[in-house]
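Results of the structural survey
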Amino acid sequence: MNVKRATRYPKATEHIEDIIKFIEKLIEKEVAYASKNGVYFKVSKFPEYGKLSKKKIDELQSGSRIEIDETKKNPLDFAVWKFSDIEPAWDSPWGKGRPGWHIECSVMSIKYLGENFDIHGGGRDLIFPHHENEIAQSESCTGSSFAKIWMHVGMVTINGEKMSKSIGNVKSIKHVLENWGSNVIRLFCLSGHYSKPIDYSEELLKENLVKWRQAETCYYELIHADAKSCEKIDEIVNKIGKKFDNALEDDFNSHLALSAFFQLIKEGNRLAAEEKIGKKDAESIRAEMERMMMVLGLAIPEITENEKHEIDELIRNRERLRKEKKFDDADKIREKINQMNIELIDHKGKTIWMKKERIRADG
RNA sequence: GGUACUCUGGCAGAACGGUUAUGCGUGAGCCUGCAAAGCUUAUACAAGGGGGUUCGACUCCCUCGGGUACCUCCA
C-alpha cells in the first residue's frame, strides 16, 4: 500500500513489567484499588472524566444497562488488571491475570512518546470508553496532560453500515488491494475527510481509477514533452502547490488537496494536448506532481530500461506500418503493446506511450 | 433512552455570512486511419422539513425529522 513503516511496533505482551509498575503507581496514588476480580481505576478520583467524549458521569451511570459487577466500588470504574488463570496470564503483585484493555496503550505511549505528546489517533468508535480511560489513567499517573490533539478517523461503511465481522459485510484489504491497487484505494480514501465515515462501493473505486488514469497520462505526457513553445508555467504551478499545502494544513482537508492535485494534472494534460509544453516546463510540473504524490503516497509504476527499448522498437514498427496504411498490422502491434499494460497515445506528429498500473477489476 | 457526529445538485465532496467549488457522470465538439487516452464546451431546482437573527445564510440560533456510531473490562 506504499505505507511507511513506523519507528516502533511495541507489543503489549512485551511490556507486562512496565504495566505492572504503572499500576503500582496508580495504587500508590490511591486512584486504583484491588478487588476480588481485579484492579480497578477509581473514576471518582478523576474529576475530568468524560472530557473527551463529552459525557457526564451521572448520565453514564443512569444509562448503564449491563449487569453491574458488585465487586467494583463504582459501576464506572474500569479494570487495569483483570484476574484470570486462563493463559495467556501473567503474575502480578495482586494475582495472576492480564492487563485491562486500556492500560497498555497508556503505558507504551508514555514509554516511547513521553508523558505528553502531540497527536493520538484512533477510530471514532474508540473515543468511549477506550480513549477516555486512557486519559484518566495516564493523567492520574503522570499528573500532566496526555495527548494534545486527538484525531479520530471515521469508519469505513458499506451501504451506510459499519463494516463488521458480525454483520458479515467485510471486504478485506487484501481483496480490495488485489482488485484495485494501492493508488486507487488511496485516492478513494483521500476523497473524503478523515474524520468522516466513508462508504465503500465499487462505483467510487471505479471513479478513482478513472482519475488515476488521468494522473498516469499526465505523468507520461510530461516525460515525453518536447514542444518548443512555452507558457509561463511556474506561476501556476506555485499557486496550485500552495493551494495543495494549505488544504492539508487545514486539518487534512484531503479532498481539497486532491482537487489541487488534479488541477495540476489537468493543466499538464491541457498543455500537452495543445502541444505547448517544453521540456523545462514539463520538468517543473512533474517535480510538483511528484512532490504531491509523495505526500499522498501515490506512486507511478516503475518501468525498466529494457521495457522502454522494447516499446520504442514496437512503436517504430507500428509507425512504419501506419505510414504504409497497413492498419491491420499496425493494430496488431498496438494490441501486443496493450498486453504489456502499455497504452499508446497518438498525437498529431508522434506517438507516445504510458505504462498503466494493472488493475484487475478494470475488466 | 442518553451522548456525539451527520443530512449539499444523478453520485462523491469543499467553502470566509454576501462571488461558478471541484471531480465523476451525462450531452455536444476537437484530435485520430479507426480506437483509446486527452482536450474544449454545455449541463445541476443544490442545500432534510419548519421557524428565527440579518440588508443578506449552505454557513449563526431554535425546533422537528432521517442516518450512522458509541454507551463499562474482547483487544
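The following refers to the structure shown. In every chain, residue numbers begin from 1 and rise along the written sequence. Both sets of labels track the order of writing: A upward for chains, 1 upward for ligands. Local features in this predicted model are restricted to residues whose pLDDT is 70 or higher, and side-chain atom pairs enter the listing and the counts only when it is 80 or higher, whereas totals over whole chains, interfaces and linings include all residues. Note: side-chain values were computed over all heavy atoms of the structure, leaving out hydrogens and water.

**Concerning the packing of aromatic side chains**
Here is the rule: rings of Phe, Tyr and Trp (six-membered ring for Trp) pair when centre to centre is within 6.5 Å. Planes less than 30 degrees apart are stacked, more than 60 are edge-to-face, and the remainder are tilted. Under the criterion given, the structure shown has nine aromatic pairs. Ring centres of Y194 and F252 lie 6.4 Å apart, and the angle between their planes is 90°; on these two criteria the pair is classed as edge-to-face. Placement of Y194 in the loop between α5 (173-190) and β9 (198-200) and of F252 in the loop between α7 (234-249) and α8 (254-273) is noted, with a sequence separation of 58 residues between them. Only protein chains enter the accessibility calculation, which uses a 1.4 Å probe; a residue is then buried when its area is under 20% of its type maximum, exposed when over 50%, and partly exposed in between. Using a relative accessible area of 46% as the deciding quantity, one classes F252 as partly exposed. Residues Y220 and W353 carry aromatic rings whose centres are separated by 5.4 Å and whose planes lie at 45° to one another, so their mutual orientation is tilted. Here W353 lies in strand β11 (residues 351-355) and Y220 lies in helix α6 (residues 202-224), a separation of 133 residues in the sequence. What makes Y220 buried here is its relative accessible area of 2%. The ring centre of F128 lies 5.1 Å from the NZ or CZ of K55, which sits over that ring. A run of H or I in DSSP counts as a helix once it spans at least four residues, and a run of E counts as a strand once it spans at least two, with each numbered from the N terminus. Two thresholds decide whether a charge sits over a ring: the Lys NZ or Arg CZ must be within 6 Å of the ring centre and within 35 degrees of the ring normal.

**Regarding α8**
An ideal rise of 1.5 Å per residue puts 28 Å on 20 residues; α8 measures up with 28 Å between its terminal C-alpha atoms. Those residues of α8 lying buried are S254, A257, L258, A260, F261, F262, L264, I265, E267, G268, L271 and A272. The contact definition used throughout considers only heavy atoms, calling two residues in contact when any of these lie within 4.5 Å. Against α5, α6, α7 and α9 (279-296) lie the buried residues of α8. Looking at the residues trailing α8, positive phi occurs at E275, about 50°. In a helix, the anticipated span is given by 1.5 Å times the number of residues less one.

**Here's the deal with the side chain of E357**
Tracing the sequence through the fold places E357 in the segment after β11. The convention is simple: Lys and Arg are positive, Asp and Glu are negative, and His and the chain ends are not counted. We count a salt bridge whenever a side-chain nitrogen from Lys or Arg sits within 4 Å of a carboxyl oxygen from Asp or Glu. Look at E357: it is buried, it has no salt bridge, and the nearest opposite charge is R213 at 5.7 Å. Filtering out sequence-adjacent residues up to four positions away, E357 remains in contact with G181, S182, N183, W212, R213, E216, P301 and N341.

**Examining the sheet that holds strand β3 (residues 78-83)**
Within the open sheet, the four strands sit side by side as β1-β2-β3-β4. Their pairing is antiparallel. Each edge of the sheet is formed by a strand with only one pairing partner; in this case those strands are β1 (32-34) and β4 (97-99). Geometrically, the sheet is characterised by an average inter-axis angle of 20° between neighbouring strands, direction not taken into account. Whether two strands pair comes down to DSSP finding at least two bridges between them. Relative to strand β2 (residues 38-41), β1 is paired through three bridges, and the arrangement is antiparallel. Its bridge partner lying in β2, A32 is registered against F41. Between the N-to-C directions of two axes lies an angle of 0 to 180 degrees, each axis being a line fitted to C-alpha atoms and, for a helix, fitted only over the stretch in contact. Helix α4 (residues 127-142) rests against β2 and β3 of the sheet, and its axis sits at about 85° to β3.

**Some details on the packing of α7 against α8**
Put simply, α7 and α8 touch, their axes get as near as 7 Å, and they point 165° apart. Relative to α8, α7 is oriented roughly antiparallel. With respect to the hand of their crossing, α7 and α8 are arranged in left-handed fashion. Packed against α7, whose contacting residues are I236, V237, I240, K243, F244, A247 and L248, the element α8 presents S254, L256, A257, S259, A260, F261, Q263, L264 and E267 at the interface. Residue composition of the contact of α7 with α8, by class: eleven nonpolar, three polar and two charged. Throughout, the term roughly parallel applies to angles under 35 degrees, roughly antiparallel to angles over 145, roughly perpendicular to angles from 65 to 115, and oblique to all others. A clockwise turn of the near helix away from the far one marks a right-handed crossing, whereas an anticlockwise turn of less than a right angle marks a left-handed crossing. Throughout this entry, Asp, Glu, Lys and Arg are counted as charged residues, while Ala, Val, Leu, Ile, Met, Phe, Trp, Tyr, Cys and Pro are counted as nonpolar. The remaining residues, Gly among them, count as polar.

**Regarding the sheet that holds strand β7 (residues 156-158)**
Pairing in this open sheet of three strands is mixed, and the strands run β8-β7-β9 from one edge to the other. Looking at strand neighbours, the two that pair on one side only are β8 (161-162) and β9, the edges of this open sheet. When β7 meets β8, the two strands line up antiparallel, connected through two bridges. Bridge pairing in β8 places T157 opposite K162.

**Re the environment of I285**
Relative to the helices and strands, I285 resides in helix α9. Of the residues examined, I285 reaches a relative accessible area of 1% and is grouped as buried. Not counting the four nearest positions on each side in its chain, I285 is found in contact with L222, I233, V237, L264, G268, L271 and I277.

**Remarks on the nonpolar core**
The nonpolar side chains of a soluble globular protein tend to be buried with one another. By size, the foremost hydrophobic cluster in this structure holds 56 residues, and its most contacted members are F261 and M289. Each of domain 2 (206-296) and domain 3 (305-355) gives at least three residues to this core. Residues in contact with F261, not counting those within four places in the same chain, are A215, F244, M289, M292, M293, L296 and L298. Note on terminology: a nonpolar core comprises buried Ala, Val, Leu, Ile, Met, Phe, Trp, Tyr and Cys residues joined through side-chain atoms within 4.5 Å. Listed in part, the 30 residues of the second largest apolar core include I23, L60, A136 and W150. What marks off one domain from the next here is an automatic or database domain assignment.

**Things to note about the state of the cysteines**
In this description, a disulfide is simply a cysteine sulfur pair whose atoms lie within 2.5 Å. Scanning the model with the defined rule gives zero disulfides in all. The thiol of C141 is unpaired, and the distance to the nearest cysteine sulfur, on C105, comes to 15 Å. Classification of C141 as buried rests on a relative accessible area of 4%.

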